[in-house]
Amino acid sequence: LLPQKSISALTYGIMLASIPTSIIRLDQITTTSLSEEHGSLQKLNFYLKKLILISLPIIVFYELFSGFLVRILFYYGHFTLTDLKLTKIATMVYAINIPIMFIWPLIYRTYQIKDNLKPIFFIAIIGIFVNGILNYVFVLKLMLGIAGIALGSVLAGFVLCTTGYFLLKQTEHKKLLQGL
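Residues numbered from 1 in each chain as written. Predicted model: local features only at pLDDT ≥ 70, side-chain atom pairs only at ≥ 80, totals over all residues. Heavy atoms only, no water.

Observations regarding the layout of surface pockets
Right, on to step 1. Size it by volume and the largest pocket reaches roughly 150 Å³.
Right, on to step 2. Broken down by secondary-structure element, the contributors of at least two residues to the lining of the largest pocket are helix 5 (41-74), helix 7 (98-113) and helix 9 (146-179).
Right, on to step 3. Looking at the lining of the largest pocket, the element that brings in the most residues is helix 9, giving five residues. (1 Å grid on protein atoms, 1.4 Å probe; cavity = no way out; pocket = protein on both sides within 12 Å on 5 of 7 lines; lining within 4 Å. Points joined across faces, edges and corners; volume = space filled by probe spheres on them. Helix = DSSP H or I, 4+ residues; strand = E, 2+ residues; numbered from the N terminus.)

Focus: helix 1 (residues 6-17)
Since there are 3.6 residues in each turn of an α-helix, residues three or four apart along the chain are aligned in direction.
Right, on to step 1. Taking 1.5 Å of rise per residue, twelve residues should cover 16 Å, and helix 1 covers 16 Å from first to last C-alpha, within 8% of that figure.
Right, on to step 2. Turning to helix 1, its buried residues are Ser 6, Ala 9, Leu 10, Gly 13, Leu 16 and Ala 17. Seen end-on, helix 1 carries its buried residues on one side only, within an arc spanning 135°. (Expected span 1.5 Å × (residues − 1). Buried < 20%, exposed > 50% of the residue type's maximum accessible area, 1.4 Å probe, protein only. Arc of directions from axis to C-beta.)

Considering the nonpolar core
Across soluble globular proteins, nonpolar side chains show a tendency to be buried alongside one another.
Right, on to step 1. Ranked by internal contacts, the top residues of the largest apolar core, which has 44 residues, are Leu 44, Ile 98 and Ile 107.
Right, on to step 2. When residues of this core are traced back to their parent elements, those giving at least two are helix 1, helix 5, helix 6 (81-95), helix 7, helix 8 (118-141) and helix 9.
Right, on to step 3. It is helix 5 that provides the largest number of residues to this core, a total of eleven residues.
Right, on to step 4. Among residues more than four places away in sequence, those in contact with Ile 98 are Ala 17, Pro 20, Thr 21, Ser 55, Ile 58, Ile 59 and Tyr 62. (Core = buried A, V, L, I, M, F, W, Y, C linked by side-chain atoms within 4.5 Å. Contact = heavy atoms within 4.5 Å.)

Details of the environment of Gly 127
Right, on to step 1. Relative to the helices and strands, Gly 127 is located in helix 8.
Right, on to step 2. For Gly 127, a relative accessible area of 9% corresponds to the buried category.
Right, on to step 3. Here the alpha-carbon distance between Gly 127 and Thr 171, two residues 44 residues apart in the chain, equals 20 Å.
Right, on to step 4. In this view, Gly 127 contacts Ala 156 and Leu 160; residues no more than four positions away in its chain are not counted.

As for the packing of aromatic side chains
Right, on to step 1. For the coordinates displayed, the defined rule picks out eight aromatic pairs.
Right, on to step 2. Geometrically, the ring pair formed by Tyr 12 and Phe 79 is tilted, given 6.1 Å between the ring centres and 55° between the ring planes. Remark: Phe 79 occurs in the loop between helix 5 and helix 6 and Tyr 12 occurs in helix 1; sequence separation between them is 67 residues.
Right, on to step 3. Of the residues examined, Tyr 12 reaches a relative accessible area of 29% and is grouped as partly exposed.
Right, on to step 4. With 5.5 Å between their ring centres and 80° between their planes, Tyr 165 and Phe 166 make a pair best called edge-to-face.
Right, on to step 5. We classify Tyr 165 as buried; its relative accessible area is 15%.
Right, on to step 6. Through successive ring pairs, a cluster of aromatic residues spans Tyr 12, Phe 74 and Phe 79.
Right, on to step 7. One cation-aromatic arrangement involves Arg 71 over Tyr 75; the distance from NZ or CZ to the ring centre is 5.0 Å. (Phe/Tyr/Trp six-rings, centres within 6.5 Å; stacked < 30°, edge-to-face > 60°. Lys NZ or Arg CZ within 6 Å of the ring centre and 35° of its normal.)

Take it as geometry only, folks, not as evidence of what the structure does.
Here's what the structure looks like:
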């Protein structure tokens, strides 16, 4: 249903967009601090605010220079102008996902610290269904093509993070009420 060369463009686009999260492994860096606080929501909120602040300039950079990055890294050999355009689109859309790529591992790590991984399974199932539904709507109904696939992944990641965060918040709220 997608134009030829779309899968490669999506692969290269997510690869480029995930460079910052591969370099800055904040989920690894914050593990000790979160563990010392027993995965407290207050400490998680502290890091989430910092992640959003870090992510915004990175997103702007990608939106402005994704064509340049794709051209420098991939535009040689059999990489055509069509490949360049498709990969640029994928990179620009996936760049919006950078905060999610930082936040989700941190939320997952918090569940791990709290020794409560059961909700992760249900959160993941929700994310998969949302991604499938959004891909259907964006690609088949709205005919957004490669941008639709990437946008579906971005929005599914957002749902994944918000669901995970609110379940953590709900769990902490219940523990506070039980402590009273």
